[in-house]
Amino acid sequence: MKGKFEISAAALLIACATLVPATALAKAAPDVAALHQLFDDKQKFDWREDPLGASGDGVQLYDDKLPSAKPEDFARQNAATQVFLMRLHAIKRAALPAAEQINYDLFDFILTADVRRAPFKGWRTPLVSDSGFHTEIGQLFELADTQSVKGYEHYIARLKAVPRYFAENIANMRTGLADGFTLPAAVLDGVGSVIAAQQIQKAEDSPLFTAFQHYPDRIGATARERLTKAGREAIEQSVKPAYADFQKFFNEEYKPKARKTIGASDLPNGRAYYTELVHYFTTLDLTPDQVHEIGLKEVTRIHSEMEATMKQAGFKGSFADFLKFLRTDPQFYAKAPL
């Protein structure tokens with residue numbers, strides 16, 4: 001699925017709330033139509049490439065599939081994104097109404113950022129400290145259509161695809177190990193505890209089995225029995241061993257060989273990668289050092305304001321005592337004279 005900060009093409013249409021004069025709209029109609037067709041084509045492409053994202057958006061065309069996570073998939077997606085970007089730049093931005101120019105600019109930023117990040121091969125770390133492909137699978141039940149027999153059959157097909165999906169992501173992580181592109185070892189104990197909690201002894205231990213414990217009335221007893229049997233087998237014969245294999249790989253291969261440094265700048269080509277991430281998350285052309293300097297200035301400013309507040313409140317202790325006091329008396333801000 002898409003990350004927290006990624007935006008679908010459809011979401012960009014929110015910017016169209018501004019009314020456009022009919023004459024201007026008529027003049028810009030071909031370019032507006034081309035822009036919206038581009039949005040539509042990109043959204044449909046994303047749904048095909050990310051079936052979990054499609055299900056999350058309420059599109060059930062791919063409910064029986066999991067994404068493909070091979071390096072060639074990411075290369076194909078990047079090539080397609082470059083084509084979408086070329087199509088966007090072929091549209092005359094100046095001919096668009098103001099609201100559509102905002103859509104254009106947002107879409108341009110998203111596509112350009114995707115193309116700029118692609119060479120860094122972020123797919124080599126398909127998880128972060130608290131989430132990843134392994135937690136996505138734990139949420140499959142939330143995406144499932146449990147109102148029809150066909151929906152259950154699609155859900156079971158997804159469960160059976162888990163070993164393939166895990167194997168592809170593990171292969172990507174092995175590539176990351178070989179390249180020195182890994183998560184910091186410092187965060188891996190927490191990741192390991194999440195993976196350990198996902199291990200099961202039997203199907204009923206998994207939240208994924210919940211679907212087979214609560215059927216809608218429209219699904220009859222015979223179908224329930226068949227689906228429950230198939231679901232149990234899928235969890236115990238596909239999901240359970242996939243999680244066990246992942247835990248073994250994580251504990252025996254990944255964790256011992258993960259990098260001992262912390263910062264992204266310590267990764268291969270890390271300074272450039274870090275700079276690109278700063279640009280993506282801030283939308284500003286700043287270097288990591290400039291962001292750090294801004295942070296230091298903000299700390300100094302906030303520290304000065306807190307010291308002023310200490311004096312106004314008549315606090316007699318040290319600054320460390322003041323911080324401790326704030327933690328133990330959350331009502332301080334309401335009581336302190338400002």
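Residues numbered from 1 in each chain as written. Predicted model: local features only at pLDDT ≥ 70, side-chain atom pairs only at ≥ 80, totals over all residues. Heavy atoms only, no water.

To continue, consider the overall build of the protein chain. Tallying secondary structure elements over the protein chain gives 14 helices and zero strands in all. Secondary structure elements of the protein chain occur, N-terminal to C-terminal, as α-α-α-α-α-α-α-α-α-α-α-α-α-α. In the protein chain, which comprises 338 residues, the proportion classed as buried is 40%. The contacts in the protein chain between residues at least 6 apart in sequence include a share of 74% that link residues at least 24 apart. (Helix = DSSP H or I, 4+ residues; strand = E, 2+ residues; numbered from the N terminus. Buried < 20%, exposed > 50% of the residue type's maximum accessible area, 1.4 Å probe, protein only. Contact = heavy atoms within 4.5 Å.)

Here we come to the pattern of salt bridges. Under the defined criterion, the tally for this structure stands at 22 salt bridges. Note that Glu253 and Arg174 form a salt bridge whose closest N and O atoms lie 2.7 Å from each other. Taken as a pair, Glu253 in helix α10 (residues 221-257) and Arg174 in helix α8 (residues 162-179) lie far apart in primary sequence, 79 residues in all. Linked through salt bridges whose partners overlap, the residues forming this network are Glu49, Asp73 and Arg76. (Salt bridge = Lys/Arg side-chain N within 4 Å of Asp/Glu carboxyl O.)

Side chains of nonpolar character tend, in soluble globular proteins, to be buried together. Of all hydrophobic cores here, the largest spans 44 residues; its most connected members are Ile137, Leu140, Leu159, Phe166, Phe212, Ile235 and Phe246. Elements that contribute at least two residues to this core include exactly α5 (133-138), α6 (140-143), α7 (149-160), α8, α9 (188-197) and α10. Leu35, Leu88, Leu96 and Leu111 belong to the second largest nonpolar core, which has 14 residues in total. (Core = buried A, V, L, I, M, F, W, Y, C linked by side-chain atoms within 4.5 Å.)

On to the packing of α7 against α10, then. Packing of α7 against α10 brings their axes to within 8 Å, and their N-to-C directions diverge by 15 degrees. Between α7 and α10, the angle falls in the class roughly parallel. Like other packed secondary-structure pairs, α7 and α10 cross with a definite hand, here left-handed. Facing Val149, Tyr152, Glu153, Ile156, Leu159 and Lys160 of α7, the residues of α10 in contact are Ala223, Arg226, Leu227, Ala230, Gly231, Ala234, Ile235, Ser238 and Val239. Considered class by class, the residues forming the contact of α7 with α10 number ten nonpolar, two polar and three charged. (Axes fitted to C-alpha atoms, helices over the stretch in contact; angles between N-to-C directions. Parallel < 35°, antiparallel > 145°, perpendicular 65-115°, else oblique. Left-handed = near helix turned anticlockwise from the far one by under 90°. Nonpolar A, V, L, I, M, F, W, Y, C, P; charged D, E, K, R; others polar.)

Of note in this structure, Lys121 is not a glycine but carries a positive phi near 50 degrees. With respect to the helices and strands, the residue Lys121 is situated in the loop between α4 (98-117) and α5. With a relative accessible area of 41%, Lys121 lands in the partly exposed category. Positive phi, normally seen in glycine, also occurs at Thr283, with a value near 65 degrees.

We now examine empty space enclosed by the protein. Applying the stated criterion to the full structure yields two cavities of 30 Å³ or more. Put simply, the second largest cavity is a space of about 50 Å³. In terms of lining residues, the second largest cavity is bounded by Asp63, Leu140, Leu143, Ala144, Asp145, Gly151, His154, Tyr155 and Arg158. Elements with a contribution of two residues or more to the lining of the second largest cavity: α6 and α7. Among the residues making up the lining of the second largest cavity, the classes are represented as four nonpolar, two polar and three charged. (1 Å grid on protein atoms, 1.4 Å probe; cavity = no way out; pocket = protein on both sides within 12 Å on 5 of 7 lines; lining within 4 Å. Points joined across faces, edges and corners; volume = space filled by probe spheres on them.)

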